[in-house]
Amino acid sequence: MTKKLVEGFEHFRKYQYEDESALMPKLIEEGQSPRYFMISCIDSRSNPGVIFRTKPGAFFSHKAMGAIVRPYKKGTALAAALQFALEYNDIKIIVVLGHTQCGAISALVNDIEDEEIKSFVSVAKSAQAKAEACCSNHGDLLKRTEQETVLESAENLKSYPSVAKALEEGRVVIKPWIFDMAAGDILEYNFKTEEFEVITPHEAIDDSRHAKSA
C-alpha cells in the first residue's frame, strides 16, 4: 500500500538531494526562507505543493476542511503557526485557497448529520447565509458559499494578533483564492470589482476528456 509513497520519495530524493541543482542541502545548511503562508483544504485534489509545482522551502502550509479559518483563539495550531511564520520568518503573502466541488462546503450546505464534521464547518454558517441571500439554485448556492467562506476566512485571519500586527506594519497581504478544479484555473478576489477573477493564463481545457465512456 505504501509502495507509491516510497517511489515518490525516491524521485524527490534524486532531484532534491542528489541532483546538481538540488535545494535540500542548501535549505538544511542555510535554513528556510519561505515567502508564502498557504491555508488550504484537506481535499486530495487541491494539494498546493502539487498544483503550484513548488520547490522545497516555498511556503508554510496549514490545512483545514474547506480552508476554513475560525476567529482567533489562543493556543490553536493555526495561531501558533502564524505567529512563527510572521514573527520569526519573512512571510509576505498569506493565501486562503478554497476550491470548487468542495466536500466541506457541500457538508455545510446539505446540513450533514455527522456531529464531528458539522461542529467544524458550522463556523461558516454566516458565509452560507450570505450565499443564500442571492442564490436559489443549489449549484449556484454551493459555488457562492465556497467563495463567501474563503472571504470570511480571509477576514477572520485579521483577528489573529500576529496577522493584525503584520498588516498594520505593511509586512504582509492576504489573498483570497479559489482553485477551479474543472476549469483548471486560479481565481483571486478583486476587492474593487467584488468578484473572483481568473489570474492564470491558460489554453482551453477539453471538457470531453472528463466525460465517461458510454
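Quantities reported herein were computed from a predicted structural model and do not represent experimental measurements. (Residues numbered from 1 in each chain as written. Predicted model: local features only at pLDDT ≥ 70, side-chain atom pairs only at ≥ 80, totals over all residues. Heavy atoms only, no water.)

Caption draft 1: Summary view of helix α9 (residues 161–168). When we look at burial in α9, the residues that qualify are S162, V163 and A166. The buried residues of α9 occupy an angular sector of 95° when projected down its axis, which confines them to one face. Just beyond α9, the residue with positive phi is G170, at close to 70°. (Buried < 20%, exposed > 50% of the residue type's maximum accessible area, 1.4 Å probe, protein only. Helix = DSSP H or I, 4+ residues; strand = E, 2+ residues; numbered from the N terminus. Arc of directions from axis to C-beta.)

Caption draft 2: Region of interest: unusual backbone geometry. One non-glycine residue, R53, lies in positive phi territory at about 50°. Looking at where R53 falls in the secondary structure, it is placed in the loop between α3 (48–51) and β2 (59–63). Overall, R53 belongs to the exposed group, its relative accessible area being 76%. Positioned with a positive phi, Q101 is a non-glycine residue whose angle comes to about 55°. Relative accessible area serves as the criterion here: at 48%, Q101 is assigned to the partly exposed category.

Caption draft 3: View of the packing of helix α7 (residues 125–132) against helix α8 (residues 138–157). Between α7 and α8, whose axes approach to 8 Å, the crossing angle comes to 135°. The angle between the axes of α7 and α8 places the two elements in the oblique class. Classified by chirality, the crossing of α8 by α7 is right-handed. Counting all contacts with α7, which are made through S126, A127, Q128, K130, A131 and E132, the residues of α8 involved are L141, R144, T145, E148, T149 and E152. Considering only residue class, the contact of α7 with α8 consists of 3 nonpolar, 4 polar and 5 charged. (Axes fitted to C-alpha atoms, helices over the stretch in contact; angles between N-to-C directions. Parallel < 35°, antiparallel > 145°, perpendicular 65-115°, else oblique. Left-handed = near helix turned anticlockwise from the far one by under 90°. Contact = heavy atoms within 4.5 Å. Nonpolar A, V, L, I, M, F, W, Y, C, P; charged D, E, K, R; others polar.)

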